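So the chains spell out like this:
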Amino acid sequence: MNEVKQLRIPHMGSVENARVVTWRIAENEYFKSGDTLYEVETDKTLTEVEADSDGFLLKRLAEEDEDFKVGDVVGLFADEAVSQELLENALVELRAEPPSVETIDTAGRSGSPENMTLEAADDASPVQTGVRHSPLVRKLAAEHGIDLQDIRGSGPNGRVTKEDILAHIDSKPAVEGGEIAAIVPPGYESVPYTAISNSLRRQTIARRLSAVVSEVPQLTADMEIGMEHVIAVRNELSRERVEKGESGISVFSCIAAAVCKALLAHPELNATYGEKKRILWQAVNLGVAIDTPDGLVVPVVRGAEKLDVVELNAEIKALTNKALDGKLAQADLEGGTFTLSNPGALGLVLRAEAILNPPQVALLGLPATRQVPVAEIGDDGNYRVEVRTVLRPSLTFDHRALDGGHVIRFLNTLSEYLVDPDWLLD
């Protein structure tokens, strides 16, 4: 029997919201298993959603740039074309009662980093009576102060579409109020502006950072560490590899390797805080904060403590390339136990204090290395001024889980590994 089935926003790890970016399949078009149906943007990454079976796309129920919850229905399909009556009946059922039509079955199949196959959600979209308007339509209406009940919808069952909203706006003078007017502070009404929609990633960053700042008592400790020896060792390692036609080693990777060793010596920083107990993680899953055009992401090098500096360098480089190409998978972004932030790579940052990345209890920010005058005692017992290359990392920590002593001891150990870095050559 040629039944009408549903396309839903698939499960993607801890992701709750997704935005449909673009459709790859048109209505009344056949597709095959493995074809990309549409792309979604989450707070983490851009994901291509693939079909897990052959089919015929009957109806798109999501417009581009619409926001949805995981499990929301975004389209209807069948094995073959169906009658208009059968399609209309399916649309009525979808809007009037809990979904009863079949979804694509993906049991036992998992998605690749940028190709997520469809799966049915545990929680279906909420039951609504009457016409259900899309998030994009509701957003446009709010921005322009429009009551949707005042518009005669041209969509199925009187559903108001984006085109209906735009036509309504064109037919009437702009209405003050709504979402945009609520954002503009008093006294700024005459100042020209452009309104830019926040991506899901930016909204999530804002929500999570606001929560952690209000809920977690954070402090930051800095320490000055000499970097001349580790830079010399790094140059030696890189020179040997380049001569063999291999890629060089970054200073950041050397610091990351030292951080992993220091965390093994101070596991209380590689932890998660709970009111009654703390969890000390037995693996160092190192989060690496990466600046991308779409916002900050923190992919994770799993089991980083088991990698030598060459292997760690390769993993960091691979994750960085995936982040910049927008190809990180949800699995790349989960399970971090400690985070490294490297704003010094973007410019001559003097201090790299950062906000914690929950549920972690510590984060190390790395500013740029600098050449500074340093007073040193000579063999004759007198001070002299030398120019040295130094790093002043900032360790932000959760004061519920850690005291200053824990943090200073960790930084002391990190300094020892960087000042005497011959272990990198082992």
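To be clear, the structure that these remarks concern was listed above.
Residues numbered from 1 in each chain as written. Predicted model: local features only at pLDDT ≥ 70, side-chain atom pairs only at ≥ 80, totals over all residues. Heavy atoms only, no water.

Peer 1: Looking at this structure, I do not really get helix H8 (residues 309-324). What am I missing?
Peer 2: Spacing of three or four residues puts side chains on the same side of an α-helix, whose turn is 3.6 residues. With 16 residues, H8 should cover 22 Å at 1.5 Å per step; its first-to-last C-alpha distance of 22 Å lies within 8% of that length. Every buried residue belonging to H8 is among Val309, Leu312, Asn313, Ile316, Leu319 and Ala323, and all of these are buried. Looking straight down H8, one finds that the buried residues subtend no more than 135° of arc, so they occupy a single side. Of the surrounding elements, those touching the buried residues of H8 are helix H6 (228-243), helix H7 (251-265), strand S15 (286-288), strand S16 (290-292), strand S17 (295-297) and strand S18 (300-301). The N-cap of H8, judged by a side-chain oxygen 3.1 Å from the amide nitrogen of Val310 a few residues on, is Asp308. At the C-terminal side of H8, Gly326 shows a positive phi close to 70°. (Helix = DSSP H or I, 4+ residues; strand = E, 2+ residues; numbered from the N terminus. Expected span 1.5 Å × (residues − 1). Buried < 20%, exposed > 50% of the residue type's maximum accessible area, 1.4 Å probe, protein only. Arc of directions from axis to C-beta. Contact = heavy atoms within 4.5 Å. Polar contact = N/O pair within 3.5 Å; in protein donor to acceptor, adjacent residues only side chain to side chain.)

Peer 1: Just to check I follow, could you spell out the packing of H7 against H8 for this structure?
Peer 2: For any two helices packed against each other, one specifies the inter-axial angle together with the distance between the axes. Packing of H7 against H8 leaves a shortest axis separation of 9 Å and a crossing angle of 115°. Between H7 and H8 lies a crossing whose hand is right-handed. The residues of H8 that touch H7, namely those facing Phe252, Ser253, Cys254, Ala256 and Ala257, are Val309, Leu312, Asn313 and Ile316. Looking at the contact of H7 with H8 residue by residue, the class counts come to seven nonpolar, two polar and no charged. (Axes fitted to C-alpha atoms, helices over the stretch in contact; angles between N-to-C directions. Left-handed = near helix turned anticlockwise from the far one by under 90°. Nonpolar A, V, L, I, M, F, W, Y, C, P; charged D, E, K, R; others polar.)

Peer 1: Looking at this structure, how should I read the pairing of strand S21 (residues 370-377)?
Peer 2: Consecutive residues of a regular strand have side chains that alternate between opposite faces of the sheet. Alignment of S21 against strand S22 (residues 383-391), held across eight bridges, turns out to be antiparallel. In the strand pairing of S22, Pro373 is matched with Val387. From the end of S21 to the start of S22, which pair antiparallel, there are five residues, and Gly381 there has a positive phi angle of about 85°. (Pairing = 2+ DSSP bridges.)

Peer 1: Where do I start with the pattern of salt bridges in this structure?
Peer 2: When their charged atoms lie close together, side chains carrying opposite charge are able to pair. Per the counting criterion, the structure on display carries 13 salt bridges. The structure contains a network of salt bridges with shared partners spanning Arg24, Glu39 and Glu48. (Salt bridge = Lys/Arg side-chain N within 4 Å of Asp/Glu carboxyl O.)

Peer 1: Before we go on, may I ask you to explain unusual backbone geometry in this structure?
Peer 2: Most peptide bonds adopt trans geometry, and most residues besides glycine take a negative phi value. Cis geometry marks the peptide bond from Pro358 to Pro359, where omega comes out at 10°. By the element assignment, Pro359 lies in the loop between strand S19 (338-341) and strand S20 (362-365). Located in the positive-phi region is Asn28, a residue other than glycine, with phi close to 65°. Take Asn28: it is sitting in the loop between strand S2 (17-23) and strand S3 (29-31). Given the relative accessible area of 56%, Asn28 is considered exposed.

Peer 1: Looking at this structure, I do not really get the sheet that holds S22. What am I missing?
Peer 2: The strand order S12-S22-S21 describes an open sheet built from three strands, whose pairing is antiparallel. Among the strands making up the open sheet, the edge pair consists of strand S12 (225-226) and S21.

Peer 1: Which parts of the structure should I look at to understand the nonpolar core?
Peer 2: A general feature of soluble globular proteins is that nonpolar side chains tend to end up buried together. Of all hydrophobic cores here, the largest spans 52 residues; its most connected members are Val259, Phe338, Phe410 and Leu414. Only H6, H7, S15, H8, S19, S20, strand S23 (394-398) and helix H9 (404-419) provide two or more residues apiece to this core. If one sorts the elements of this core by residue count, H7 sits on top with ten residues. Core analysis: the second largest hydrophobic core is formed by 20 residues, Leu7, Ile9, Trp23 and Ile25 among them. (Core = buried A, V, L, I, M, F, W, Y, C linked by side-chain atoms within 4.5 Å.)

Peer 1: How do you make sense of a nonpolar patch on the surface when you look at a structure like this?
Peer 2: Together, Leu209, Val213 and Ile355 give the surface a local cluster of nonpolar side chains, amounting to about 220 Å² of exposed area. In this structure, Ile355 sits in the loop between S19 and S20. Assessed through its relative accessible area of 36%, Ile355 is described here as partly exposed. (Patch = residues over 30% accessible without salt bridge, like charges linked within 9 Å, V, L, I, M, F, W, Y side chains within 5 Å. Areas by Shrake-Rupley, 256 points an atom, 1.4 Å probe, with all protein chains shown as cover.)

Peer 1: Hey, could you run me through the side chain of Ser238 in this one?
Peer 2: For Ser238, the location among the structural elements is in helix H6. Once you skip the residues sitting within four places of it in the chain, Ser238 turns out to touch Gly248 and Ile249.

Peer 1: Help me understand the sheet that holds S20, please; the structure alone is not making it clear to me.
Peer 2: Consider a sheet: its strands pair through backbone hydrogen bonds, and that pairing is either parallel or antiparallel. Taken together, six strands build an open sheet; the order of strands is S11-S23-S20-S19-S15-S18 and the sheet is mixed. Looking at strand neighbours, the two that pair on one side only are strand S11 (218-222) and S18, the edges of this open sheet. Packed onto the sheet, H9 meets S11, S19, S20 and S23 and runs at close to 145° relative to S23.

Peer 1: Which parts of the structure should I look at to understand the packing of aromatic side chains?
Peer 2: For any pair of aromatic rings, geometry is given as the distance between the ring centres together with the angle between the planes. Counting across every chain of the model gives five aromatic pairs. Seen in terms of ring centroids, Phe31 and Phe77 are 5.9 Å apart; in terms of plane orientation they differ by 50°. Their pairing is tilted. Taken together, the positions of Phe31 in strand S3 and Phe77 in strand S8 (residues 73-78) put the pair 46 residues apart, joining distant regions of the chain. Classification of Phe77 as buried rests on a relative accessible area of 1%. Judged by centre distance (5.7 Å) and plane angle (75°), the rings of Tyr417 and Trp423 are edge-to-face. (Phe/Tyr/Trp six-rings, centres within 6.5 Å; stacked < 30°, edge-to-face > 60°.)

Functional significance is not addressed by these values, which are geometric in nature.
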